[in-house]
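Topology and contacts: notes
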Amino acid sequence: MKNNTISRRRFLGTAAAATLLTSVPFNIITASDFKGKKPKSKVGGVQLGVTTYSYGSMPHNVDDCIQYLLYAGVNSIELRNVAEEDLGIPQVQRPARGVQLSEKERADLAKASEGIREAQRKWRLSLPMERYAEMRSKFNKAGIEVYVAKFAPSAWSDEEIDYAYRAAKVLGSIGITDEMTDANCQRLGKFAEKHKSLAMYHTHGQVADPGFSFDKYLGYSPANMLNLDAGHYYGATGLHPNEVIIKYHDRMRTIHIKDKTGPKHATPNTNKPFGEGETPVADVLLLLKKEKWPIRVDLELEYPIPAGSDAAKEVKKCIDYMRNILA
């Protein structure tokens, strides 16, 4: 397997140049600070992007995400639940991580969640699509394209899935992503066909399950596409993700990228900063550069944030690492 040693050396050579921006507080970075310069993260013909999930450890409403994306110079995103949160969807107030609930507290939380679920349904079905048009305009004015919308609606009512596809269209997205399960792939693709759109499915560790088959899931609908997570694929199987990309490139529009250790490592299937894991990140990027397939690469940041840093700074490091591979 090809390692990323050369790419790491190339990356380190540019790290000093990023120091000035890295030290700037994000609460004073705005689009105006970039003097009209639009972000650009298409390098060597490969469009690099970010899933907004990457900013989950920071304040990340739409305005926040735009600041972070401008800082990283990224012009393409997978827009996650930040979209509905930004527009005011009712939220379940969940206990802090690690808090132990009594049996009564768990029952009360379940009851409250049911009520919130119904409130969310009503909210979605009454939301004017103009709100999404305004959101798209805000991103587009900053030079950022909402390429994919991850509403994860497969468990929603039919009316809510229709809402999700209407919203995705207004945002300018090519389709919707959700998690790859048998039920999701059977259900969502039919709605994608109805709306002349796509249903894309994100992969986790199920790719290592005995008898797992991409063909089964893709076969449910011609609108079904893979959102292969190259890091999860390698971390779970130890196999080269390029094998899947080559075979299914015509059923793929986006790839999630991260660096992980493989299943035989001392700390198997573990998220690492780019260049410290074993995922053949460079091989994936250079394959796409060579073949010129219309497949975008979205960073999904999941490794622990180092002390003194934050998610926005780490995203920029990862994007710069990939820029140097593709340059």
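Residues numbered from 1 in each chain as written. Predicted model: local features only at pLDDT ≥ 70, side-chain atom pairs only at ≥ 80, totals over all residues. Heavy atoms only, no water.

For the protein, the helix and strand inventory stands at 13 helices and 11 strands. The buried share of the protein, taken over its 327 residues, is 50%. For the protein, the share of sequence-separated contacts (at least 6 apart) that also reach a separation of at least 24 residues comes to 77%. By element, 53% of the accessible surface of the protein is carried by carbon and sulfur atoms, the whole surface being about 15,300 Å². (Helix = DSSP H or I, 4+ residues; strand = E, 2+ residues; numbered from the N terminus. Buried < 20%, exposed > 50% of the residue type's maximum accessible area, 1.4 Å probe, protein only. Contact = heavy atoms within 4.5 Å. Areas by Shrake-Rupley, 256 points an atom, 1.4 Å probe, with all protein chains shown as cover.)

Bringing empty space enclosed by the protein into the picture now. If you walk through the whole model with that rule in mind, you get 1 cavity of 30 Å³ or more. Within this model, the largest cavity holds a volume of roughly 30 Å³. In terms of lining, the largest cavity is formed by Lys-258, Asp-259, Asn-271, Lys-272, Phe-274, Glu-300, Leu-301, Glu-302 and Tyr-303. Class assignment of the residues belonging to the lining of the largest cavity gives a composition of 3 nonpolar, 1 polar and 5 charged. (1 Å grid on protein atoms, 1.4 Å probe; cavity = no way out; pocket = protein on both sides within 12 Å on 5 of 7 lines; lining within 4 Å. Points joined across faces, edges and corners; volume = space filled by probe spheres on them. Nonpolar A, V, L, I, M, F, W, Y, C, P; charged D, E, K, R; others polar.)

The next point concerns the packing of aromatic side chains. Taken as a whole and judged by the stated rule, the model has 10 aromatic pairs. Taken together, a centroid distance of 6.1 Å and an interplanar angle of 80° make the contact between Tyr-132 and Phe-151 edge-to-face. Of this pair, Tyr-132 sits in helix H6 (residues 130-141) while Phe-151 is found in the loop between strand E4 (145-149) and helix H7 (158-171), placing the two residues 19 residues apart along the sequence. Taken together, the ring pairs connect Tyr-132, Phe-151, Trp-156 and Tyr-163 into an aromatic cluster. Taking NZ or CZ as reference, Arg-296 lies 3.7 Å from the ring centre of Tyr-147, over its face. The ring of Tyr-71 carries Lys-316 above its face, with NZ or CZ at 5.9 Å from the centroid. (Phe/Tyr/Trp six-rings, centres within 6.5 Å; stacked < 30°, edge-to-face > 60°. Lys NZ or Arg CZ within 6 Å of the ring centre and 35° of its normal.)

This next bit is on the nonpolar core. Residues Tyr-132, Phe-139, Phe-151, Ile-245 and Met-322 are the most contacted members of the largest nonpolar core, which totals 84 residues. Broken down by element, the residue count for this core peaks at 9 residues, all from helix H13 (residues 311-326). Look past the residues within four positions of Phe-151 in its chain and what remains in contact with it is Glu-84, Tyr-132, Trp-156, Tyr-163, Ala-164, Ala-167, Ala-168, Leu-171, Ile-176 and Thr-177. Residues Tyr-147, Val-148, Met-200 and Met-225 belong to the second largest nonpolar core, which totals 5 residues. (Core = buried A, V, L, I, M, F, W, Y, C linked by side-chain atoms within 4.5 Å.)

Okay, the pattern of salt bridges next. For side chains bearing opposite charge, pairing can occur when the charged atoms are close. Within this structure, the stated rule accounts for 19 salt bridges. Taking the shortest distance from any N to any O, the salt bridge between Asp-182 and Lys-216 comes out at 3.4 Å. Residue Asp-182 is located in helix H8 (residues 182-194), and its partner Lys-216 is located in helix H9 (residues 214-218); the two are separated by 34 residues in the primary sequence. What makes Lys-216 partly exposed here is its relative accessible area of 45%. (Salt bridge = Lys/Arg side-chain N within 4 Å of Asp/Glu carboxyl O.)

Approximately 610 Å³ is the volume attributed to the largest pocket. Around the largest pocket sit 21 residues that line it, and Arg-80, Asn-81, Val-82, Glu-85 and Gln-91 are the ones nearest its centre. Secondary structure elements with two or more residues in the lining of the largest pocket: helix H4 (82-87) and helix H5 (103-126). Counting residues per element, the lining of the largest pocket draws most heavily on H4, at 4 residues. Its residues placed into classes, the lining of the largest pocket shows 9 nonpolar, 6 polar and 6 charged.

Moving on, we come to H5. Helix length check: H5, at 24 residues, gives a terminal C-alpha distance of 35 Å against a target of 34 Å (1.5 Å per residue), a fit within 8%. All of the buried residues in H5 are Ser-113, Gln-120, Trp-123 and Arg-124. Those residues of H5 that are buried are in contact with H4 and H7. (Expected span 1.5 Å × (residues − 1).)

Take the environment of Glu-314 next. Of note, Glu-314 is situated in helix H13. Looking at Glu-314, the relative accessible area reads 2%, which means it is buried. Distance in space between the C-alpha atoms of Glu-314 and Leu-301 is 7.9 Å, their sequence separation being 13 residues. Beyond its immediate stretch of four places on either side in the chain, Glu-314 contacts Leu-301, Tyr-303, Ile-305, Pro-306 and Ser-309. At 2.5 Å, the side chain of Glu-314 and the side chain of Ser-309 are in polar contact. (Polar contact = N/O pair within 3.5 Å; in protein donor to acceptor, adjacent residues only side chain to side chain.)

Turning to the packing of H7 against H8, a few remarks are in order. In a packed pair of helices, the relevant descriptors are the angle between the two axes and the axis-to-axis distance. Put simply, H7 and H8 touch, their axes get as near as 10 Å, and they point 55° apart. On the basis of the axis angle, H7 is oblique to H8. By crossing handedness, the relation of H7 to H8 is classed as right-handed. Taken together, the residues of H8 that come into contact with H7 (itself represented by Asp-158, Ile-161, Asp-162 and Tyr-165) are Arg-187, Leu-188, Phe-191, Ala-192 and Lys-194. A breakdown of the residues in the contact of H7 with H8 according to their chemical character gives 5 nonpolar, no polar and 4 charged. (Axes fitted to C-alpha atoms, helices over the stretch in contact; angles between N-to-C directions. Parallel < 35°, antiparallel > 145°, perpendicular 65-115°, else oblique. Left-handed = near helix turned anticlockwise from the far one by under 90°.)

That's the geometry; what it means functionally is another story.
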